[in-house]
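# Structural overview
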Amino acid sequence: MNLCIRMCGELNGEVWVGGDKSITHRSLILGAIADGETIIHNYSHAEDCLSTVRCLKSMGIEIDVSKEWITIKGRGLYGLKEPEDVLDCGNSGTTIRLLAGLLAGQKFYSVLTGDDSLRKRPMKRVVEPLKLMGAEITSRNNCFAPLSMVGKKLKGIEYRLPVASAQVKSALMLAGLYADSNMILEEPVPTRDHTERLFEFFGLKFTNNGKKITVFPAQGFSGRIINIPNDISSAAFFVVLGLLTAREMVIKDTGVNPLRCGIIEILRQNGADIKFDKQRGLNNEPVANIIVKRSEIFPFTISGSLIPRLIDEIPVLAVLATQLKGISEIKDAKELRVKETDRISAICSELRRMGANIEETEDGMIIKGPTRLKGAACESYNDHRIAMSLAIAGLVAEGETIIKGADCINISFPEFINILKGVCGEECVQYQE
Ligand code: S3P
């Protein structure tokens, strides 16, 4: 399916982007190994999360997905069953990496695989430390999926992650629950801490002294009722759209975890009018309504420890940078090259097609603005965040922008197109078969 986008006028409105994808994956996995029922409200409808549901169901977990909530009948720490077939993680890096951690310590054999994109993404970062814990894992071509796992008794290790990755950290925390001694982890730079917050919420024992996380072997824990905040990474598209076009845009009930809010922080520092209203806590996560107004923003430089706090938002920040007066720069973001596609190369080549002055560097990009973007026929590279970023670019471009293969948006944000139609009008957002 192609998406046809035309320039929008001044916007004003309220949006509800739906539950956080990262927190949904983690809630599903912990719910499956808890004792008794877990109910997840405001879960993410992303296809990625349905991949996690499918894999857990294949291991004997009863999961009921209704429109409003998910019910999981947890079978306890050792209640998973050997799957009869390979576990297909689809496009989801979080599913494959977190499940690798969970399955390394089970008493059965399992194989994790995924789609063409996932089978090209690096798994060494998770396989290597799991092997140090005693896991038996074979993989294709030096650590690419399929990963074939023979469950083993694991031992706790002390490990410093070579790359800043919340997926790897979470995988090792899950494996640590099954180890026979404490697991000590050190991150090069802090990454999203949803696993830690959920461990605490479920009553799982761990400590974090700011430098090292220690996970204690688990004893068994009970299911819970979880309410998930809306997804800041989905909200980011409307934050950028609001800054470029809105009298006022209110993005409701959104997770504002500091380790996910790099985008808000850097934009505020550079003049953006973004306010938090009705700040509160929801299941151990901070939530707020985000209020955005069109603002004059200065060009920005993003690098270092800020990168993991806004990693998924870089493509849409690149779109924003094309509209700012001066040179914006993104550095230290090499990780973007091993996401669903090479996002540095993808966003640079497609924005260039629209007339942007954007130059690819080894670990980021340099953008000179402002440019009056021109509509063009663009590729999505089957990457949801590239497709949605180009849709935002199309809304501020002259003429018509076509985004080819826009179905991939369902991977993280199936409601995106309808919400966009709601705020911009049907004439600006249309499907094209
Ligand atoms: C995620 C962590 C990030 C992020 C991904 C979701 C998670 O990946 O890019 O979209 O849920 O833990 P890395 O941990 O590999 O950086």
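Right, let's talk about the packing of helix 1 (residues 21-33) against helix 3 (residues 93-103) for a bit. At their nearest, the axes of helix 1 and helix 3 sit 11 Å apart, and the two run at 30° to each other. Of the possible angle classes, the one that applies to helix 1 and helix 3 is roughly parallel. Read as a crossing pair, helix 1 and helix 3 show a hand that is right-handed. When helix 1 is examined against helix 3, the residues His25, Arg26, Ile29 and Ile33 are found in contact with a partner set consisting of Thr94, Thr95, Leu98, Leu99 and Leu102. Of the residues in the contact of helix 1 with helix 3, the class split is 5 nonpolar, 3 polar and 1 charged.

We now examine the sheet that holds strand 14 (residues 225-227). Across the sheet, which stays open at both edges, the 4 strands sit in the order 4-5-3-14 with mixed pairing between neighbours. In the strand order of this sheet, the two ends are held by strand 4 (62-65) and strand 14, each with one partner. Ignoring strand direction, the axes of neighbouring strands in this sheet form an average angle of 15°. Note that strand 4 and strand 5 (residues 69-75) share 4 bridges and pair antiparallel. If you follow glutamate 62 over to strand 5, its bridge partner there is lysine 73.

Here we come to the sheet that holds strand 2 (residues 11-15). One key point about sheets: their strands pair by backbone hydrogen bonds, in either a parallel or an antiparallel sense. Spatially, 4 strands are ordered 2-15-17-16 in an open sheet, and the strand pairing comes out mixed. Looking at strand neighbours, the two that pair on one side only are strand 2 and strand 16 (273-282), the edges of this open sheet. Along the sheet, successive strands turn relative to each other by an average axial angle of 15°, direction set aside. Here 5 bridges tie strand 15 (residues 246-255) to strand 17 (residues 285-293), and the two strands are oriented antiparallel to one another. Bridge assignment links threonine 254 to a residue of strand 17, and that residue is alanine 288. Across the sheet, helix 8 (residues 262-269) touches strand 16 and strand 17, and the angle it forms with strand 16 is around 145°.

Note that leucine 50 resides in helix 2 (residues 47-58). Assessed through its relative accessible area of 36%, leucine 50 is described here as partly exposed. Put simply, leucine 50 and leucine 28 are 22 residues apart on the chain and 9.9 Å apart in space, counted from C-alpha to C-alpha.

Quick look at the pattern of salt bridges now. This structure, assessed with the given rule, holds 32 salt bridges. A salt bridge links lysine 169 to glutamate 187, with the nearest nitrogen and oxygen atoms 3.3 Å apart. Taken as a pair, lysine 169 in helix 5 (residues 166-177) and glutamate 187 in the loop between strand 11 (183-186) and helix 6 (194-202) lie far apart in primary sequence, 18 residues in all. Relative accessible area serves as the criterion here: at 1%, lysine 169 is assigned to the buried category. Through salt bridges with shared partners, one network takes in Arg121, Arg192, Asp312, Glu340, Arg343, Asp383 and Arg385.

In this section: unusual backbone geometry. The omega torsion across alanine 145 and proline 146 is 5°, close enough to zero to call that bond cis. As for its placement among the helices and strands, proline 146 is situated in strand 9 (residues 144-150). A cis amide bond links glycine 369 to the next residue, proline 370, at an omega of 0°. Looking at the element boundaries, proline 370 is found in the loop between strand 21 (364-369) and strand 22 (377-379). Phi angles above zero are rare outside glycine, and asparagine 142 is one such case at about 60°. Relative to the helices and strands, asparagine 142 resides in the loop between strand 8 (136-140) and strand 9.

In this fold, arginine 97 is placed in helix 3. Once you skip the residues sitting within four places of it in the chain, arginine 97 turns out to touch Arg121, Pro122, Met123, Arg125, Val126, Gln167 and Ala171. Among the polar contacts listed, one links the side chain of arginine 97 to the backbone oxygen of proline 122, at a separation of 2.7 Å. Side chain to side chain, arginine 97 and glutamine 167 meet in a polar contact 2.4 Å long.

Right, let's talk about the site of the ligand for a bit. Taken together, Ser22, Arg26, Thr94, Arg97, Ser165, Ala166, Gln167, Arg192, Ile311, Asp312 and Lys339 make up all the residues around the ligand. In this structure, alanine 166 approaches the ligand through a main-chain N or O atom, which is 2.8 Å from an oxygen atom. With respect to the ligand, the backbone of glutamine 167 contributes an N or O atom lying 2.9 Å from an oxygen atom. Taken by itself the ligand offers 380 Å² of open surface, and the protein chains cover 93% of this. Broken down by secondary-structure element, the contributors of at least two residues to the shell around the ligand are helix 1, helix 3 and helix 5. Residues that form the shell around the ligand fall into these classes: 2 nonpolar, 4 polar and 5 charged.

This brings us to the pairing of strand 7 (residues 109-113). For strand 7, a buried count of 4 out of 5 residues is recorded, marking the element as mostly surrounded by other parts of the structure. Two strands pair when backbone bridges link them, and strand 6 (residues 87-88) and strand 7 are joined in this way by 2 bridges, in the parallel orientation. Looking across to strand 7, one finds that aspartate 88 is bridged to threonine 113. Regarding topology, helix 3 serves as the crossover connection from strand 6 to the parallel strand 7, and that connection is right-handed. In the sheet, strand 7 pairs with strand 9 via 4 bridges, with the strands oriented antiparallel. Opposite serine 110, over in strand 9, you have methionine 149 as the bridge partner.

Conventions used here
- Residues numbered from 1 in each chain as written.
- Predicted model: local features only at pLDDT ≥ 70, side-chain atom pairs only at ≥ 80, totals over all residues.
- Heavy atoms only, no water.
- Axes fitted to C-alpha atoms, helices over the stretch in contact; angles between N-to-C directions.
- Helix = DSSP H or I, 4+ residues; strand = E, 2+ residues; numbered from the N terminus.
- Parallel < 35°, antiparallel > 145°, perpendicular 65-115°, else oblique.
- Left-handed = near helix turned anticlockwise from the far one by under 90°.
- Contact = heavy atoms within 4.5 Å.
- Nonpolar A, V, L, I, M, F, W, Y, C, P; charged D, E, K, R; others polar.
- Pairing = 2+ DSSP bridges.
- Buried < 20%, exposed > 50% of the residue type's maximum accessible area, 1.4 Å probe, protein only.
- Salt bridge = Lys/Arg side-chain N within 4 Å of Asp/Glu carboxyl O.
- Polar contact = N/O pair within 3.5 Å; in protein donor to acceptor, adjacent residues only side chain to side chain.
- Near = heavy atom within 4 Å.
- Areas by Shrake-Rupley, 256 points an atom, 1.4 Å probe, with all protein chains shown as cover.
- Right-handed = clockwise from strand over helix to strand, strands pointing away.

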